[in-house]
Amino acid sequence: MNGTVKNGGSSFGVAQIILFISIAILVIVVAFPVLLIFFNAVWVEDHFEFANALKVLWEEEEIFQALINSLIIAGGTTVGSTIVGTFFAWLVTRTDLPYKSFMKSMFLVPFMLPSFIGALAWKMLLSPNAGFINRFFIENFGFDGPIFNIYTYYGISAVEVMYLFPFVFIQVCGALERMDPTLEESARISGAGLFTITRKITIPLVLPSILSGALLIMLYSMAHFGTVAVLGIENGIYNIPTLIYERIHQSGGSFASIRTGTILATVLVISAALIIWAQRKILGSGHYQIIGGKSFRPMELKLRGLRWPLLIFCFLYIGFTIILPTVVIFLVGGLSTYGLPFTPENLSLDNYKFILFEYQVTKDAIFNSVWLGFVAAIITMFAGVMISYVIVKMKVRGKGILEFLGMLPFSVPGSVIALGVILAWSGQFGINLYNTVWIILVAYIARYMAFSLKANSAALEQVHDSLVEAARSCGATMWQSLRDIVIPLVRPGMFAAFFLIFLPALRELTVSIMLYAPTTRTIGVAIYTLNEDGETVISAALAGIALILIVVGQTIINKMTKKAGE
Amino acid sequence: MDFIHVEGVSKAYADHHVLNELTLDIHKGECFTLLGPSGCGKTVLLRLIAGFEVPDQGKLYIDETLVSDPGEHINVPPENRAIGVVFQDYAVWPHMTVFDNIAYPLKIAKCPKDEIEKRVMEMVDLVAMRGLEKRFPSELSGGQQQRVALARALVAKPNLLLLDEPIANLDANLREEMRFEIKELQRKLGVTVLYVTHDQEIGLAISDRVAIMNNEGVIQQIGTPYEIFEKPVNPFVFSFMGIANFLNVRMENGQYLAGTGSQAVPWEKPENPAGVVDWVAGFRPSDVRISRTPEAGKSLKGIIRRANFLGAMMDYLVEIDGTTLRTNLETHRAISENLLFEAGDECYISFLDLHWFEAEKLKGAILE
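This one's a predicted model, so the numbers in the text were calculated from it and none came from an experiment.

Trainee: Just to check I follow, could you spell out the overall build of chain B for this structure?
Mentor: Regarding its fold elements, chain B presents 10 helices and 20 strands. C-alpha extents for chain B along the principal axes are approximately 80 × 50 × 35 Å. Taking all 368 residues of chain B together, 40% fall into the buried category. By sequence separation, contacts in chain B at least 24 residues apart represent 66% of the contacts at least 6 residues apart.

Trainee: Would you mind showing me how to read the sheet that holds strand S10 (residues 209-213) of chain B here?
Mentor: In a beta sheet, neighbouring strands are held together by backbone hydrogen bonds and run either parallel or antiparallel to one another. All names here are of chain B. Sheet architecture is open: 6 strands sit in the order S7-S8-S9-S3-S10-S11, paired in mixed fashion. The open sheet has two free edges, formed respectively by strand S7 (83-86) and strand S11 (219-223), since each of these has just one partner strand. When strand polarity is set aside, the average angle formed by the axes of neighbouring strands in this sheet is 15°. In this sheet, strand S8 (residues 160-164) lies alongside S7 in parallel orientation, the contact comprising 4 bridges. Looking at S8, one finds that Gly84 is bridged to Leu161. In the packing of helix H4 (residues 142-154) onto the sheet, contacts are made with S7 and S8, and the angle to S7 comes to roughly 170°.

Trainee: Could you clarify how one ought to interpret the pairing of strand S20 (residues 355-358) of chain B in this entry?
Mentor: Looking down a regular strand, the side chains alternate between one sheet face and the other. Residues and elements named next belong to chain B. Only one face of S20 is covered, namely the face carrying His355 and Phe357; the face carrying Trp356 and Glu358 is uncovered. Pairing between strand S14 (residues 278-283) and S20: 4 bridges, direction antiparallel. Bridging across to S20, Gly282 finds its partner in His355.

Trainee: Can you walk me through the domain arrangement of chain B in this structure?
Mentor: Often, the extent of an interface is quoted as the loss of accessible area on bringing the components together. Residue and element names in this part refer to chain B. Domain assignment breaks chain B into domain 1 (4-239) and domain 2 (243-362). Taken together, the 4 residues of domain 1 in the interface contact 6 residues of domain 2. Classifying every residue of the side of domain 1 that touches domain 2 gives 3 nonpolar, 1 polar and no charged.

Trainee: Where do I start with the environment of Val44 of chain B in this structure?
Mentor: Residue and element names in this part refer to chain B. Among the secondary structure elements, Val44 is positioned in helix H1 (residues 42-50). What makes Val44 buried here is the crowd of 22 C-beta atoms within 10 Å. The spatial distance from the C-alpha of Val44 to the C-alpha of Val18 is 7.8 Å, given a sequence separation of 26 residues. Excluding anything up to four places from it in sequence, Val44 contacts Lys11, Val18, Leu19 and Glu53.

Trainee: Help me out: how do you make sense of the sheet that holds strand S2 (residues 16-26) of chain B in this one?
Mentor: Residue and element names in this part refer to chain B. The strand order S2-S1-S4-S5-S6 describes an open sheet built from 5 strands, whose pairing is antiparallel. Among the strands making up the open sheet, the edge pair consists of S2 and strand S6 (74-75). In this structure, strand S5 (residues 65-69) lies alongside S6, joined through 2 bridges in antiparallel fashion. Counted as the bridge partner of Asp69 is Ile74 from S6.

Trainee: So what exactly am I meant to see when it comes to the packing of helix H16 (residues 360-393) of chain A against helix H19 (residues 437-462) of chain A here?
Mentor: When two helices pack together, their arrangement is given by the angle between the helix axes and by the axis-to-axis distance. Residues and elements named next belong to chain A. Where H16 contacts H19, the two axes come as close as 6 Å, and the packing angle between them is 45°. Viewed along their axes, H16 and H19 adopt a mutual orientation that is oblique. Our pair here, H16 against H19, has a crossing hand that is right-handed. A breakdown of the residues in the contact of H16 with H19 according to their chemical character gives 20 nonpolar, 7 polar and 2 charged.

Trainee: Teacher, can you tell me more about the domain arrangement of chain A here?
Mentor: Residues and elements named next belong to chain A. The domains assigned to chain A are domain 1 (51-346) and domain 2 (349-566). Between the C-alpha centres of domain 1 and domain 2 there is a distance of 24 Å. Counting residues at the interface gives 31 residues for domain 1 and 31 residues for domain 2. At the level of elements, helix H5 (115-126), helix H11 (226-232), helix H12 (240-251), helix H13 (255-284) and helix H14 (307-334) are the ones that each hand at least two residues to the side of domain 1 that touches domain 2. A per-element tally of the side of domain 1 that touches domain 2 places H13 first, with 8 residues. By residue class, the composition of the side of domain 1 that touches domain 2 is 23 nonpolar, 8 polar and no charged.

Quick notes on the rules
- Residues numbered from 1 in each chain as written.
- Chains lettered and ligands numbered in written order.
- Predicted model: local features only at pLDDT ≥ 70, side-chain atom pairs only at ≥ 80, totals over all residues.
- Helix = DSSP H or I, 4+ residues; strand = E, 2+ residues; numbered from the N terminus.
- Buried ≥ 20, exposed ≤ 12 C-beta atoms within 10 Å, placed from the backbone.
- Contact = placed C-beta atoms within 7 Å.
- Pairing = 2+ DSSP bridges.
- Axes fitted to C-alpha atoms, helices over the stretch in contact; angles between N-to-C directions.
- Domains from an automatic or database assignment.
- Nonpolar A, V, L, I, M, F, W, Y, C, P; charged D, E, K, R; others polar.
- Parallel < 35°, antiparallel > 145°, perpendicular 65-115°, else oblique.
- Left-handed = near helix turned anticlockwise from the far one by under 90°.

Pasting the structure below:
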């Protein structure tokens, strides 16, 4: 025994310091910018103007239309993705579809593809006048006009569905796989037919998962920039994030445009908070508990004659939504001039060489994205471990504040974060990061904190308190037990957090588009702006490079997580 | 002062008072069991002694050192208390081999490498894990993991070993084996053991002394296993220590009558200076003797209400004037002594041992 130690001295102080740092990080990075948005939305010159803020929303035609557009696009995307996601989830878990596990992994591929790159591809394929498919039909089958115009609500929603449906798919797959088959079997024994069982037992049981996935898509689509920016602007379809961008971009950041931006951003934050609240409510309701954590072997529906036709349908779907757009991107990236036919003499690797080795804009963009993604991932990973540690493991007064702050990153959409960091870091508070790469870094940290908190708290919850207590009773101090027990055990969670941040950051568009300066373009920004400037082939080639980077990165993660699992 | 001295310790979580001014002493070198129903606060007491929790008030001494005294802001952290702890969920670190798990306390204490090697292998032998020291916990059974935990808790030669339901997660055979091993290790190493459990069988099997705690976190009785089992101080202790039968007895005209009937109980009467009317005679199924013929002045007449064949044992439910009790006897004896009853048969009951309780005090004390 080493004598007595005053309680106030060691452990007490350390806990307080860690808590304080954690709160400070979240306040500086997330809470402060968001508060500034709220404040600017209702504070005009020197007094509050709540009524005026509402007036802006109702009375300015374009702004009101953007709200309606957001609802229409998000609504369409949600309904579409829910139907597509649930149908495919059911197909790969509950039927005897051939090659089920392969098909399941194929349906997860769209997760990897940035939807704005998908949107670019679809623009090339289905724009009313120049789209390859439309032109093909007009030229070969004598159509008078385009068979499908992608620059419409339908077009935008359809493209979003293609790349967002995995949110529902993955949730419903999980629920269907974990559902205790005896629940269905007992219904069958009671004499219910398969249709009745599906309607009365299966669907009610997985409904919370379906709804939760649908709400996730709603949240994502409301705040989604890329697809609408690529496909909507042609016909003047703006949603909230694109209008915020457009106003600020057009006016070069005037006061009026920032204020409009803050009002729209406030609407986004409120809708996001409502959606998350609804999601928690649904997942928290008792329904969900019937689904245990164990894996069962579920009852399978025999598809009989539909087996092969449905498989072909799945292949067609994947070919149409994944392979076709990807191929188009790479082919267009190989053209010397956009509009030429895809013949061998028109195709070369020149564009790819050009953007990788010669063109300063794209070289900068690739460097910026990799650097930003890496640094943001490292910082966010460590900050996330610390904050989750306090929330999950520590017993310290004042933790409630941190728990509340920790929820914030989940409900703040990217364009809101971008606007918030502009308000916070443009010099009004002594530090001016505007037009530097640092402002993008701060925004990335805020944007991806939610991922890190999620991955790390999940990992920490696995580390039972008794593992740490065992170390303490073996003579280890709090720091030693952190070093020897906690950190090694949450390392897989930290790696996961790193890649969950690094990969999306590589292709980030929503935040960077609001914050870039001429030399601080990211890959996403470069693809988008080059395309806007009519440099379609260069833009497509860069998109192709981005896809290669993402696929390689994803493969590495899959390898690593598999290894960690063994 | 005793090796562990707990003095007026209280602990509450929010508004729930778990321990209230509890005082307890544990002698050096003994195996002391804290026995109580789940949720009674026995684990909290262990965690207070380990230093994982801080008491709200009171003083805690280990080996004459004041380790916790919230009044004086004294709280020695667990790593400085020279203890070993074994948890119910083993808490073996999954990312370390058996060897590294057991070596950890020595590494923290900065022992030289060859000494670590030597002492770890000694412990590995002691818990019969030789040949498995390179394995990871995921490659071990529950019982093996618990042995690793035990070796890890003992390798640094702590003065005090705290065991929190360490074998509750093991299956029945392994449980029995482990409890003897723990006892054996304790004897060999001479370490003071505080064992916390809700399983009275283990408590009786390995302890030098046992403390029984009730649901309110109040210690009811402290004594040797024999004292606790044979001389329970109150109905709570009696019923906690095993299946209990209770026969209602009332006093009428100076006589003690069984149930609602008129048979006078033939056994030693309770001390009853206050003239209490309603009594309960408590006894264990194993203390019941059943027979076909009356034993003059010693037995009560009853009726078999249910007879169950359980293989090696026969299990009977007997009614005596409105009160029922359970008893059992070995099947081979039942056959050889003509004691195979059927429902509806008459029988005579006498007792080897019984305890008198006032009916009023028994209410609320009986555990289900």
